[in-house]
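Here's the letter readout for the chains.
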Amino acid sequence: MKLILIGSRKKGSVYAGYFKDDICAICDDEISKAVMLKNEHKLNSKVCDNYNEALNHEGDGIIITTSGFNDMDVFKRALETKKPILFEEPADMAYDSVIRMYEQAKGYPSSIVMGYYLRYTYMYRKILELINNNEIGKVISVEASKISSCNHSCISEDIDLISLIAGSPPEYVSSLGGTDNFVINIEYENKITAVFTFSVYGDFPGRHMTVNGTKGSIRAGFEDQIVRLRRTNSSDTLTYIPSGISDDNGGGNEGLCSFFKKVIKEDIPVNETEASVLSFLITYAGYKSRNEKAVINIRKTD
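Counting restarts for each chain: residues are numbered from 1 in the order of the written sequence. In keeping with the model being predicted, local features are shown solely for residues with a pLDDT of at least 70 and side-chain atom pairs are shown and tallied solely at 80 or more, while totals for entire chains, interfaces and linings include all residues. Only hydrogens and water are removed before side-chain values are computed, so all heavy atoms of the structure are retained for them.

S.K.: Even after reading the chapter, I still don't get the state of the cysteines, so can you show me in this structure?
M.R.: By definition, a disulfide links the sulfur atoms of two cysteines through a covalent bond. The definition used for a disulfide is geometric: two cysteine sulfur atoms within 2.5 Å. Per the stated rule, a full pass over the model turns up 0 disulfides. Cys24 takes part in no disulfide bond, and the closest cysteine sulfur to it belongs to Cys48, at a distance of 8.6 Å. Of all cysteine sulfurs in the structure, the one in Cys48 sits closest to Cys27, which takes part in no disulfide; the separation is 5.9 Å. Per-residue accessibility, obtained with a 1.4 Å probe over protein chains only, is compared with the maximum for each type, and a residue is labelled buried under 20%, exposed over 50%, and partly exposed between these values. Judged by its relative accessible area of 0%, Cys27 falls in the buried class.

S.K.: Please explain the environment of Lys265 as it appears in this structure.
M.R.: Comment: elements are numbered from the N terminus, with helices defined as DSSP H or I runs of at least four residues and strands as E runs of at least two. Tracing the sequence through the fold places Lys265 in helix α8 (residues 252–266). Taking the relative accessible area as the measure of exposure, Lys265 reaches 59% and is therefore exposed. Separated by 215 residues in sequence, Lys265 and Asn50 place their C-alpha atoms 27 Å apart.

S.K.: What should I look at first to understand the packing of aromatic side chains in this one?
M.R.: Two numbers describe a pair of aromatic rings. These are the distance of the centres and the angle of the planes. Centres within 6.5 Å are what make two rings of Phe, Tyr or Trp a pair, Trp counting through its six-membered ring; a difference in plane orientation under 30 degrees is then read as stacked, over 60 as edge-to-face, and the rest as tilted. What the rule picks out here adds up to 4 aromatic pairs. Between Tyr18 and Phe19, the ring centres sit 4.8 Å apart and the planes meet at 80°, which makes this aromatic pair edge-to-face. Here Phe19 falls in the buried class, since its relative accessible area comes to 0%. Measuring from centroid to centroid gives 5.4 Å for Phe182 and Phe198, while their planes differ by 25°, and the two rings are stacked. Here the residue Phe182 occupies a position in strand β9 (residues 181–188), and Phe198 occupies one in strand β10 (residues 193–199), the gap between them amounting to 16 residues. Residue classification places Phe182 among the buried residues on the basis of a relative accessible area of 3%. Taking NZ or CZ as reference, Arg207 lies 5.6 Å from the ring centre of Phe222, over its face. Criterion for a charge above a ring: Lys NZ or Arg CZ within 6 Å of the ring centre, and within 35 degrees of the ring normal.

S.K.: Just checking my understanding: could you explain the sheet that holds strand β5 (residues 85–87) for this structure?
M.R.: The pairing of strands in a sheet happens through backbone hydrogen bonds and is either parallel or antiparallel. Strand order in the open sheet made by the 6 strands is β3-β2-β1-β4-β5-β6, with parallel pairing throughout. Edge positions in the sheet fall to β3 (46–48) and β6 (112–114), since each has one partner strand and no second. Going from strand to strand, the sheet's axes swing by 15° on average, the running direction of each strand aside. Sheet topology note: the strand β2 (residues 23–27)/β3 ladder contains 3 bridges and is parallel. Each residue of the ladder has a partner; that of Ile26, found in β3, is Val47. Those strands touched by helix α4 (residues 71–79) are β1 (3–6), β4 (61–64), β5 and β6, and its axis lies near 170° from that of β5. Whether two strands pair comes down to DSSP finding at least two bridges between them. A fitted line through C-alpha atoms serves as each axis, taken over the contacting stretch for helices, and the angle formed by two N-to-C directions is quoted from 0 to 180°. When checking whether two residues touch, look at their non-hydrogen atoms; a contact exists if any pair is within 4.5 Å.

S.K.: What exactly am I supposed to notice about helix α5 (residues 95–105) here?
M.R.: Working note: α-helix, 3.6 residues per turn, so residues spaced by three or four point in the same direction. Ser97, Val98, Met101 and Ala105 are the residues of α5 that are buried. Down the axis of α5, the sector holding all buried residues measures 100°, keeping them to one side. On its buried face, α5 is in contact with α4, β5, β6 and α9 (273–292). Count one or two residues on from α5 and you reach Gly107, which has phi positive near 75°. In this description, the arc belongs to the directions extending from the helix axis to the C-beta atoms.

S.K.: Looking at this structure, I do not really get the nonpolar core. What am I missing?
M.R.: Counting residues in each nonpolar core, the largest one holds 89 residues, and the members touching the most others are Ile6, Phe75, Ile127, Ile165, Met209, Val211 and Ile218. When residues in this core are grouped by element, the largest group, 6 residues, is from helix α6 (residues 122–132). Excluding residues that lie within four positions of it along the chain, Phe75 makes contacts with Ile64, Phe87, Met101, Gln104, Ala105 and Ile112. For our purposes a nonpolar core is just a set of buried Ala, Val, Leu, Ile, Met, Phe, Trp, Tyr and Cys residues, chained together by side-chain atoms within 4.5 Å.

S.K.: How should the packing of α4 against α5 be read in this particular structure?
M.R.: Between two packed helices, both the angle of their axes relative to each other and the distance between the axes serve to describe the pair. At their nearest, the axes of α4 and α5 sit 11 Å apart, and the two run at 0° to each other. The angle between the axes of α4 and α5 places the two elements in the roughly parallel class. Here Met72, Phe75, Lys76 and Leu79 of α4 come into contact with α5, specifically with Ser97, Arg100, Met101, Gln104 and Ala105. Residues are grouped as follows: Ala, Val, Leu, Ile, Met, Phe, Trp, Tyr, Cys and Pro are nonpolar; Asp, Glu, Lys and Arg are charged; every other residue, Gly included, is polar. Among the residues making up the contact of α4 with α5, the classes are represented as 5 nonpolar, 2 polar and 2 charged. Between 65 and 115 degrees an angle is taken as roughly perpendicular, under 35 as roughly parallel, over 145 as roughly antiparallel, and anywhere else as oblique.

S.K.: Looking at this model, I keep getting lost on the environment of Ile140. Mind explaining?
M.R.: In this structure, Ile140 sits in strand β7 (residues 139–147). Look at Ile140 and you get partly exposed, because its relative accessible area is 39%. Setting aside its immediate chain neighbours within four residues, Ile140 contacts Lys191, Ile192, Thr193, Asn212, Gly213 and Thr214.

S.K.: Would you mind showing me how to read the pattern of salt bridges here?
M.R.: Two side chains that carry opposite charge are able to pair once their charged atoms sit near each other. What makes a salt bridge here is a side-chain nitrogen of Lys or Arg within 4 Å of a carboxyl oxygen of Asp or Glu, nothing more. Per the stated rule, a full pass over the model turns up 16 salt bridges. For the salt bridge of Arg119 with Glu272, the shortest nitrogen-to-oxygen distance reads 3.3 Å. Highlighted residues: Arg119 in the loop between β6 and α6 and Glu272 in the loop between α8 and α9, separated in sequence by 153 residues. Relative accessible area serves as the criterion here: at 15%, Arg119 is assigned to the buried category. Residue Glu272 is classed as buried on the basis of its relative accessible area of 8%.

Nothing here speaks to function; it is all geometry.
Structural data, given as structure tokens:
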């Protein structure tokens, strides 16, 4: 398997570490960063100073992460190759860019995997497993929070997890607060409700989630990845403790890379751009709600 890596910063090092024997070309608008990454991971790959040169290589797949180039220009050019793509969506993507990404990716003959590593963490996979096994009955509500000094635009992955658990398109969104801290309320078409709280203030930073169902509740925290289950009318708590996690992101980075590798080798059809757009639209509707002090019908979001 041969991969083309566009971007040598931030997550570029993660991908280079996992796919170190597979990367045939690497590119960044600052070629020195690409050279540094190649040397750091001892990559046997060609260093390119522009993404067109890199994308002309005979690769089996493409990874796009922070590179200094215009991410949407790179994404559009990558689509022309008709190869599987792993796209690390920029946190500060503009509304029109997100919609354009979705429109361009419609009907793509190969696969597009979004770089949502949280989907592959032990915590989330265990929560979803318990829900699918009917351990808490029908899901009624989801409560999630994130306390971080990171800019609030980095919440699309958190919203993505909530929506995957809800298993239904979002319908109404309301939000109160500002840019230093806020709360987003979501009602899905299947009437599951969710609340997401973000704050840059707090002495217990991290992510936390509670899923309430008709037969019980699940609680989990990102930092220790421990998942707890308590059934209705019972004081007993079942605790699920992760083991064998190989990275500091709950196994999410390794899980994402492993999935992309499987997509390529087994030719698995997947296009995650629609889920990405829905997460962005919820985030955008929350911003709009805070400004307008109104409940937003997401179907009518313009």
